[in-house]
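Each chain is listed here by its residues.
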Amino acid sequence: MAEITAAKNSVKYEPFIAPGQNVTEFSVKAVVTGALFGILFGAASVYLALKAGLTVSASIPIAVLAISLGRKFLHTTILENNIIQTTGSAGESIAAGVVFTLPGFLFLTASASGKSGADFFNYWTILTLAMFGGLLGTLMMIPLRRSLIVNEHGNLPYPEGTACASVLIAGEKGGDFAKTAYQGLGFALVYAMLQKVFHVVAEVPALVTKQTNKIFPSGTLNADITPEYMGVGYIIGPRIAGVLVAGGVLAWLGIIPLIASLVPQDVIAGQLVKLGYLKDIMTAGGRGGWDPTTHTFADTASAVYWAYVRNIGAGAVAMGGLITLIKTFPTIVASFKQSLSSLKDKQVAAGVVRTERDLSFMTVIVGSIGLVIVMAFFPQIPGNSLFNKLLIGVLVVVFGFFFVTVSSRIVGIIGSSSNPISGMTIATLMGTSLIFIAVGWTGSFYEPMALVVGSMICIAAANAGATSQDLKTGFLVGATPRYQQLTLFIGAIVSSIIIGATIKLLDQPTPDMMTQGIVHAIGSDKFPAPQGTLMATLIRGLLSFNLDWQVVLVGAFLAITVELCGVNALSFAVGAYLPLSTTAPIFVGGAIKGVADWAAKRKHETVEESELGPGSLYATGLVAGGALAGVIIALLSVNDSIFEFFEKISAEGWLTNAFGDGGYQILGVVIFGIMGFTLYKTARKPLAK
């Protein structure tokens, strides 16, 4: 095996496949298989991100699928399996960037001409921005690969990339990791069918105190007991899951009961009217079920959440993102300097070994210029003049290079799952808005333009993080960077096609929603899309000067207080922003991980710390199975006749009659507990040698 030396720190590494070995790598079957996985995980990631505002790295499960299916049915080599994993991983990262930002179009202000941001929330705009953002993230990583992946090999471990390399190498040696993940996926699919089709399992068991309670009015403890939430909680671990649920506990068991007891319900209704969640105070309905006759809400906790707590959470998330950005500022400066110096290190084609062959730097230059020009003439990009669109393109490229560098370096240390892309997006939106204000572009007309810049940077930064992990995997197994970069482009394009279609599919309201006047499922209780709402709130406040600063600042100082206490403000803020029904089941998954680790330490056993442990693999299967079932059922429910059939076979009615409403919800909690027990028992199995 040939040695590769990282110049900065003199760390020597021998890739699994030496540069001189002749091994099949770039094949049609590998690229097509990877693209199919990208479609699969891209659709699942869209569903999970819309539901919970969270995503889980797809790199590990795709690598597991590659070694289990690819080698068995397609007879692929380790380098072909790496191409499968590289191509497929783009789906999850682009889905995260798209879902975190583009739903913001739905919440922007309508302009004087009657055109609103929602008019841009169509398939072709989503496809265009997803594709351009994904390509930008990969494009900007081409000149950075050598400086960050190779030269910093000893300093930047890129945890998911290293884990994927371990999976691929173990598979080549005969390691079997797929069985446990498939067991989790199978359990999740069966559970999801029982919950979402047959309704044997209650979807959101809840314990809510009455508004008339003088001690604790409208206190809410509920949980959306799905397999994907439990799996996410296990993967992120007890610490992060605990901080997330802490934010939810404060919001739903502290702030909401306090506001419900102090603020008259007419005032709450007036705030909902101001925010657009209620037509007027004399009209029934809206968030919380307002009754103008009795001047009360059917669900006061929900009304208070939408009227006040959601904006408090938005302020907390914004400040948490900025705090994260400030804390990583030294890394940002170092990354920027490193990137500039790496551009001077021009690669000489002749004599370069296979494992060091990148696409040329000219690709980056031509691609960047081409991106600006195409954006200027694309009708899907908002703007009423060539100058508008050219400025958008230039801002995207400038901010893109800066934050792609930052994203790559950060995920090299803490992993893609902890990449603070929300903070980078918030900083981009603020910078873009200040530039817009400087040139006189204020008001609702320019809000979609600002969101375009923020969304493309978010997508680029997310995809750059995943791209970095893929390039690290390739570096460790001995892949050809040029082939990886080409397949990353392919993966970005293919994944964008299905991501746009999935978003529009999930945005279709069910017949029940339509009777309530809801025209977009995204932004409703079903798919809250928290980050997208946050981005729209920030843009409206900055460009249209209508931000509820007194409410938002409460959240901002809450984040500062939590950070001063030594707790990650961004995680806490996200928990305060999301419904408790989302963070509570995630906490259960994290608690199972904590208990399993505690039991292992108590018996002096090896604690599972790797993504390759049985518990993590089973949890990954729960996430994949639950998310895929959600997408499939949502797809089927769009058809009215199928939706009515699902209503007919629902067991909720007779189970409620048999056990009462409380008994039905307890049954759901018991079945959720059984799923948790299977996860714990799987986690306690001996680690594979």
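A brief look at the structure comes next. Computed from a predicted model, the values in this text were never measured in an experiment.

### Some points on the nonpolar core
Formed by 130 residues in total, the largest nonpolar core has its most connected members in Val98, Phe105, Met375, Val396, Phe436 and Ile503. Among the elements that take part in this core, helix H15 (residues 447–477) stands out by supplying 17 residues, more than any other. Not counting residues up to four positions away in its chain, the partners in contact with valine 98 are Pro103, Ile126, Ala130, Ile459, Ile499 and Ile503.

### Some remarks on helix H2 (residues 59–74)
Between its terminal C-alpha atoms H2 stretches only 20 Å, short of the 22 Å expected from 16 residues at 1.5 Å a residue. The largest bend in H2 comes to about 30°, at alanine 66. Those residues of H2 that sit buried are Ser59, Ile60, Pro61, Ile62, Ala63, Val64, Leu65, Ala66, Ile67, Ser68 and Gly70. Count one or two residues on from H2 and you reach histidine 75, which has phi positive near 55°.

### Details of the packing of helix H8 (residues 227–262) against helix H20 (residues 569–577)
At a closest axis distance of 6 Å, the pairing of H8 and H20 adopts a crossing angle of 45°. On the basis of the axis angle, H8 is oblique to H20. As for the relative orientation of H8 and H20, their crossing is right-handed in sense. Contacts between H8 and H20 involve Ile240, Val243, Leu244, Ala246, Gly247, Gly248, Leu250 and Ala251 on the former and, on the latter, Ser571, Phe572, Val574, Gly575 and Ala576. The class makeup of the residues in the contact of H8 with H20 is 9 nonpolar, 4 polar and no charged.

### A look at a negative patch on the surface
Taken together, Glu203, Asp512, Asp640, Glu644, Glu647, Glu652 and Asp661 make up a surface patch of like negative charges. Among the elements of the structure, helix H23 (640–648) and helix H24 (652–683) are those that each provide at least two residues to the negative patch. The greatest single-element share of the negative patch, amounting to 3 residues, is contributed by H23. Checked against the element boundaries, glutamate 652 lands in helix H24.

### A short note on the pattern of salt bridges
As enumerated under the stated definition, the model contains 5 salt bridges in all. The residue glutamate 356 makes a salt bridge to arginine 145 at a minimum N-O spacing of 3.1 Å. Placement of glutamate 356 in the loop between helix H11 (329–343) and helix H12 (361–377) and of arginine 145 in helix H5 (residues 145–150) is noted, with a sequence separation of 211 residues between them. Among the ionic pairs, aspartate 358 bridges to arginine 145, the shortest N-O distance being 2.6 Å. Of this pair, aspartate 358 sits in the loop between H11 and H12 while arginine 145 sits in helix H5, and the two are 213 residues apart along the sequence. Accessibility assignment for this pair places aspartate 358 and arginine 145 in one class, buried.

### Brief notes about the side chain of glutamine 85
In this structure, glutamine 85 sits in helix H3 (residues 78–101). The class for glutamine 85 is buried, based on a relative accessible area of 0%. Excluding its chain neighbours within four sequence positions, the residues that come into contact with glutamine 85 are Ser59, Ile62, Ala63, Cys164, Asp470 and Thr473.

### Looking at the packing of aromatic side chains
To describe a pair of aromatic rings, one takes the distance between the centres and the angle between the planes. Enumeration according to the criterion identifies 14 aromatic pairs in this entry. Ring geometry for tryptophan 441 and tyrosine 446: centres 5.4 Å apart, planes at 5°, overall stacked. Here tryptophan 441 falls in the buried class, since its relative accessible area comes to 8%. A relative accessible area of 16% means that tyrosine 446 is categorised as buried. Plain terms: the ring middles of phenylalanine 645 and phenylalanine 646 are 6.4 Å apart, the flat faces sit at 45° to each other, and that makes the pair tilted. Taking relative accessible area as the criterion, phenylalanine 645 reaches 47% and is therefore assigned partly exposed. Site record: aromatic cluster; members linked through ring pairs are Phe387, Phe436, Trp441, Phe445 and Tyr446.

What counts and what doesn't
- Residues numbered from 1 in each chain as written.
- Predicted model: local features only at pLDDT ≥ 70, side-chain atom pairs only at ≥ 80, totals over all residues.
- Heavy atoms only, no water.
- Core = buried A, V, L, I, M, F, W, Y, C linked by side-chain atoms within 4.5 Å.
- Buried < 20%, exposed > 50% of the residue type's maximum accessible area, 1.4 Å probe, protein only.
- Helix = DSSP H or I, 4+ residues; strand = E, 2+ residues; numbered from the N terminus.
- Contact = heavy atoms within 4.5 Å.
- Expected span 1.5 Å × (residues − 1).
- Bend = angle between axes of the 7 residues up to and from the residue.
- Axes fitted to C-alpha atoms, helices over the stretch in contact; angles between N-to-C directions.
- Parallel < 35°, antiparallel > 145°, perpendicular 65-115°, else oblique.
- Left-handed = near helix turned anticlockwise from the far one by under 90°.
- Nonpolar A, V, L, I, M, F, W, Y, C, P; charged D, E, K, R; others polar.
- Patch = residues over 30% accessible without salt bridge, like charges linked within 9 Å, V, L, I, M, F, W, Y side chains within 5 Å.
- Areas by Shrake-Rupley, 256 points an atom, 1.4 Å probe, with all protein chains shown as cover.
- Salt bridge = Lys/Arg side-chain N within 4 Å of Asp/Glu carboxyl O.
- Lys, Arg positive; Asp, Glu negative; His and termini not counted.
- Charge placed at Lys NZ, Arg CZ, Asp CG, Glu CD.
- Phe/Tyr/Trp six-rings, centres within 6.5 Å; stacked < 30°, edge-to-face > 60°.

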